[in-house]
Each structure stands twice: as C-alpha cells, then as structure tokens.
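Chain residues, written in single-letter form:
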Amino acid sequence: MKTYAIGLVPGPVSVPRAFREPYLEDYGSADLEEEFFLLYEENERLLRRFLKTENSVVIQSGEGMCALWGALKSVLAPGDRLLALSNGIFGRGFGEMGKGLGFETRILEAPEGEFLDPEAVRAEARAFGPKVITFVHCETPSGLLNPIAPLGAVAREVDALLCVDYVASAGGADVRTDEWGIDLGLLGSQKVLSLLPDLSMTAVSPRAWAAAEALGYQGYDALLPWREGPAERYLPYTHNWHAMASLNRSLNQILSDGLEASFARHAAVAARCRERLAHMGVAIYPKSEALCSPTVTAALLPDGWSWKALDGALRERGMVVGGSYGPLAGKVFRIGHMGSQADMDLVSKGMDVLAGVLKAR
Ligand SMILES: *Cc1c(COP(=O)(O)O)cnc(C)c1O
C-alpha cells in the first residue's frame, strides 16, 4: 500500500507517534475495571474544558458518524419534526438521515458558498416548529465555518433542541457549547484531536437528556445508557481502552499548550494556505475569506485540471489532499490543516508541491 510524506487530507489526519503508543500496550477489561472508569471520567472532565461546557460529555466507541446518528435517534421518533440547516454536505446529510429515519424533515439551504441568514432561520423555525434544529460548525467539504451563536436563541424561542456537529472544528476553532446554547454537541476523534477514527463524543444538555429519557431509544449508538452508566460502573459494551488512553494524551497536550494557542496556530496556518493559493491563482470555494474555516481550505480546481489529474500529479510527488463529494465533486479540492496537520512547515511544503505541479503543466 502507498503512503505519503505530505498528508493534508481533511480527516482522518495523521496520527502522531505519541498518540499511537497506547495502542501497543495491553490493558485489562474496559467494561469492568475501576482504572478504566477513572480514565473515562478524566477524559470527560478534559472534554468539558475542550468544549467549554458544564454538560455531560458522553464518550462512545465508534467513528464520528456514530455521534450524528446517536444524537438524532436518541431524541427524535418517526413523525417528529427536524429542521436541518445546510450550506454543505454534512448539513444536508442531517436532513437526509432524518428523512431516512422517518422524521418530518425540512432542509433550509443557504445560497451557494455562503452563511445562512439567522432571520431566515428564525422565520423557518417559527413556521415549522421543529423538535430539533441541526447545523454544522465547520462544513468540511465546503471549507466554511458557520456562526453558531445566533442559533441558540432561535432554538429556545421555538422550544427546539440545538444539535451542532463540531467534528471538524473543535480544538482548531473556538467552540462554546454552553454560551451558544448547544444541546447536543458532536465530536469525532480523527480530526483536530489527531487520533484514529475510534471514538465519538457528545456533549448533552439537561434539556437533551430529558428528551432522550422521554423517548427511551435503545441501540448501539443510544446516548441514554451513558447518562448514569459510567458513574454506576456499568457500560453497554466493552469500551476501547486503547483509544481512551490515546484521547487522554491528545486532550492533555492541547489543553496544556492552551486552547488559544491552538486556535492561533490553526488560524496562522490557514491564512498561509490561502495566501499561497491566491498567489498561484487558485480561488477558494467560500464567497469570502471571512467565511473560511481555520481547519480546512476548500479551493476550486484550477482551469484545465480534473480532480483525477491533480490528485495523480500530487501523489506522484508524495502528497495527498482531499477531493470533494456530492455537488462539489470534480469542482473542489481540499487541504486539511487541522490538528497535527496545522503545521506551518508541512503546509508550506505542501503548497510548494502544489505550485510545482501547477507550473509544470
Ligand atoms: C469528518 C466529519 C464527520 C465524521 O464523518 P466521516 O465519516 O469521518 O466523514 C462528521 N461531520 C463533519 C463535519 C466531519 O468533517
């Protein structure tokens, strides 16, 4: 199998050696031992700081999508109303998931490459009366970082839960779970945390717990067993001790360096990436720089380049970036500079390779 010296895929990101080490160790039984539960509780405390919340943070085994499915299924039943806000694939994806699960679903789309107008959201929410409003903080496939702060008030006005996917932003951009009124905050391990795709984490507000309890959904991805489970030393399955040990390292590293330092590093690297692209005459997908995420840059494929040709030429030179999918497939390519990849040297090298490839044509 081929490997690449310059990895700039927007997740899963490169996993530093130090975070792989716990996988080489043997632990005991993750579902039985006090030591594991203490680790779980410590990770939960660290995640509260990471996500700026007093709420419980559930840590489940499973890739990031597990958090999305688990949140929806834990608080909504078929026939319930879901308003999915969208300016990209994950935003729309929530709506498609909702339809598939039999919820009465409306999708409110922003104009191409732009933010949603909070007043339009308010009007739609008032007219529709959803039980849950979903949105995505960093819309990874389109490189947008959506403002979430105005939505908390809208959700409260219509008595809806606010469910936000911050899988690709938290740790690289400021996430204020409580201040923004997020009832279900969703996180995965393979983005800024720079871990293997093994864990999904969900910050659950008291309002969201009440809804989950009223519904009583059961299933592998269900949140409810995690409400009392860890404190009662009883889990619904054998947890991933290796991944939990690795999560502990990543969180401790980010928090001891400081969240502000992490945000600044991501912002500086993202700015350099965009600056270099502009220099090469490569346009970004978002309507303006102000809308861009500090964790990923979505750019338009340069004239005369197909995704296949660009991807092939970059791989030949030892570099791998992300393509896009859905309506953006073949139009957009993406540079992931989050977590371990928010590294000025790495991104500068990557931009050198890209510039060389474009010039060689
Ligand atoms: C990566 C990501 C997820 C997790 O899903 P994947 O299967 O890893 O794509 C969910 N939401 C967002 C916004 C993501 O970037």
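Just so it is clear, the structure is predicted and the values come from calculations on it, not from any experiment.

Q: Pulling in residues and values, what's your account of the pairing of strand β11 (residues 296–300)?
A: With 4 of its 5 residues buried, β11 lies for the most part within the structure. Two elements, β11 and strand β13 (residues 332–336), share 5 bridges in a ladder whose sense is antiparallel. Across the sheet, the residue bridging to V296 is G336, located in β13.

Q: For the domain arrangement of the protein, give the residues involved together with the corresponding values.
A: Each domain of the protein was delimited in the assignment, giving domain 1 (6–14 + 259–360) and domain 2 (17–256). Its C-alpha centre places domain 1 at a distance of 26 Å from the equivalent point of domain 2. Every contact between the two is made by 31 residues of domain 1 and, on the other side, 29 residues of domain 2. For the domain 1 and domain 2 pair, buried surface summed over both sides reaches about 2,300 Å², with 63% attributable to carbon and sulfur atoms.

Q: Which residues make up the site of the ligand, and what are the values?
A: Inspection of the region around the ligand gives E63, M65, F90, V136, C138, T140, D165, V167, A168, Q190 and K191 as its neighbouring residues. Residue E63 places a side-chain N or O atom 2.4 Å away from an oxygen atom belonging to the ligand. Within the side chain of K191, one N or O atom sits 2.7 Å away from an oxygen atom of the ligand. Alone, the ligand offers 370 Å² of accessible surface; in the complex the protein occludes 84% of this. Class assignment for the residues of the shell around the ligand results in 6 nonpolar, 2 polar and 3 charged.

Q: Provide a residue-level description of the sheet that holds strand β9 (residues 184–188), including the pertinent values.
A: Strand order in the open sheet formed by 7 strands is β2-β10-β9-β8-β5-β3-β4, with mixed pairing between adjacent strands. Edge strands, defined here as strands with exactly one partner in the open sheet, are β2 (56–61) and β4 (104–109). Between one strand and the next, the sheet's axes are offset by a mean angle of 20°, whatever the strand orientation. When β2 meets strand β10 (residues 199–204), the two strands line up antiparallel, connected through 6 bridges. Counterpart to Q60 in the pairing with β10 is S200. Each of β2, β9 and β10 touches helix α2 (residues 34–51); the most contacted strand, β2, lies at about 120° to it.

Q: Explain the pairing of β4 residue by residue, including any values.
A: The two faces of the sheet receive side chains in turn, since in a regular strand these alternate between them. Two elements, strand β3 (residues 81–86) and β4, share 6 bridges in a ladder whose sense is parallel. Opposite R81, over in β4, you have E104 as the bridge partner.

Q: So, the side chain of S189: which residues are in play, and what are the values?
A: Along the polypeptide, S189 turns up in the loop between β9 and β10. Taking relative accessible area as the criterion, S189 reaches 1% and is therefore assigned buried. Within the structure, S189 has its side chain in polar contact with the backbone oxygen of L196 (distance 2.7 Å). Contacts of S189, omitting those with residues within four sequence positions, involve S194, L195, L196, P197, D198, L199 and M201.

What counts and how
- Residues numbered from 1 in each chain as written.
- Predicted model: local features only at pLDDT ≥ 70, side-chain atom pairs only at ≥ 80, totals over all residues.
- Heavy atoms only, no water.
- Buried < 20%, exposed > 50% of the residue type's maximum accessible area, 1.4 Å probe, protein only.
- Helix = DSSP H or I, 4+ residues; strand = E, 2+ residues; numbered from the N terminus.
- Pairing = 2+ DSSP bridges.
- Domains from an automatic or database assignment.
- Contact = heavy atoms within 4.5 Å.
- Buried area = accessible area lost by both parts, 1.4 Å probe.
- Near = heavy atom within 4 Å.
- Polar contact = N/O pair within 3.5 Å; in protein donor to acceptor, adjacent residues only side chain to side chain.
- Areas by Shrake-Rupley, 256 points an atom, 1.4 Å probe, with all protein chains shown as cover.
- Nonpolar A, V, L, I, M, F, W, Y, C, P; charged D, E, K, R; others polar.
- Axes fitted to C-alpha atoms, helices over the stretch in contact; angles between N-to-C directions.

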